[in-house]
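Architecture at a glance
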Amino acid sequence: FPVTISSLSDDLNYVCILPFEKSESGSVKSIYVLEYPNPASGSQVQTLVTDTVNPDLDKTPYDSVCRALIEEAGLNIDDLGLTEDHIYYLGDIQMNSPVSLNMHCYGVDITSKKVLEFTRNLSKDPFTKSSSAIKKVGFQQVVNGDYPDAAVLAGSFLLVSYFS
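Everything quoted here is computed from the prediction, not taken from an experiment.

**Quick notes on the environment of histidine 86**
Considering the arrangement of structural elements, one finds histidine 86 in the loop between helix H2 (77–80) and strand E6 (87–95). By relative accessible area, which is 19% here, histidine 86 ends up buried. As a C-alpha pair, histidine 86 and valine 108 span 22 residues in sequence and 5.6 Å in three-dimensional space.

Pasting the structure below:
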């Protein structure tokens with residue numbers, strides 16, 4: 001008997017956030033990823049900060065990005081002085097396994113902001129809220145393949161394409 005595999009589909013809209021810092025020459029120096037334990041493998045997983053778009057709260061893409069930064073990354077955007085000038089629409093990332101979904105990817109330039117304090121206190125994800133953290137990684141590490149997550153790689157490719 002032939003076996004057919006169909007993937008699950010998600011009709012929600014998602015936004016993924018890629019905070020980054022640039023070097024003095026203007027190239028991408030580092031990015032920030034969400035790190036949490038994978039209970040199945042016992043290893044740490046790194047991916048992008050992701051949130052659903054809430055049409056009741058998010059009237060613009062800027063609203064979606066700011067809400068995700070506050071709720072999922074725990075950044076105080078007012079203290080950091082982040083404005084629309086620091087946020088870049090990089091493109092869409094489509095994931096097909098294990099669930100098909102589409103994410104609008106945004107880069108957030110946090111270069112030369114004061115000390116960053118990421119908290120996950122408001123995160124809606126009960127599975128990783130207390131055991132996760134936002135981690136700074138060198139962009140060269142991503143380019144070298146040290147972070148094989150598809151969302152991290154796709155977002156980083158879009159980011160470097162934007163600034164090259």
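**Structural notes on the pairing of strand E2 (residues 14–22)**
Where burial is concerned, most of E2 is hidden: eight out of the nine residues are buried. Bridge count between E2 and strand E5 (residues 49–52): four bridges; the pairing is antiparallel. From the neighbouring strand, valine 15 faces E5, where its bridge partner is aspartate 51. Two elements, E2 and strand E7 (residues 99–109), share seven bridges in a ladder whose sense is parallel. Paired with valine 15 across the bridge in E7 is histidine 104. Pairing analysis gives three bridges linking E2 to strand E3 (residues 28–37), with the strands arranged antiparallel. Of the residues in E3, the one forming a bridge with lysine 22 is valine 28. Following E2, the chain reverses through five residues before pairing antiparallel with E3; glycine 26 in that reversal takes a positive phi of roughly 95 degrees.

**Comments concerning the confidence of the model for the protein chain**
Mean pLDDT over the protein chain: 82, with 80% of residues reaching 70 or higher. By mean pLDDT, strand E1 (residues 8–9) is the weakest element of the protein chain at 48, and E2 is the strongest at 93. The model gives residues 1–9 a pLDDT under 50, and that stretch makes eight contacts with residues more than four places away or in other chains.

**Considering the packing of aromatic side chains**
Tallied over the entire structure, the rule returns three aromatic pairs. Joined through ring pairs, the aromatic side chains of Phe20, Tyr88 and Tyr162 make up one cluster.

**Details of the environment of serine 25**
As for its position among the elements, serine 25 is in the loop between E2 and E3. Polar contacts involving the side chain of serine 25 include one to the side chain of serine 23, which spans 2.9 Å.

**A word on the pairing of E7**
Where burial is concerned, most of E7 is hidden: eight out of the eleven residues are buried. When E6 meets E7, the two strands line up antiparallel, connected through eight bridges. Of the residues in E7, the one forming a bridge with isoleucine 93 is methionine 103.

The rules we used
Residues numbered from 1 in each chain as written. Predicted model: local features only at pLDDT ≥ 70, side-chain atom pairs only at ≥ 80, totals over all residues. Heavy atoms only, no water. Helix = DSSP H or I, 4+ residues; strand = E, 2+ residues; numbered from the N terminus. Buried < 20%, exposed > 50% of the residue type's maximum accessible area, 1.4 Å probe, protein only. Pairing = 2+ DSSP bridges. pLDDT = per-residue confidence, 0-100. Contact = heavy atoms within 4.5 Å. Phe/Tyr/Trp six-rings, centres within 6.5 Å; stacked < 30°, edge-to-face > 60°. Polar contact = N/O pair within 3.5 Å; in protein donor to acceptor, adjacent residues only side chain to side chain.

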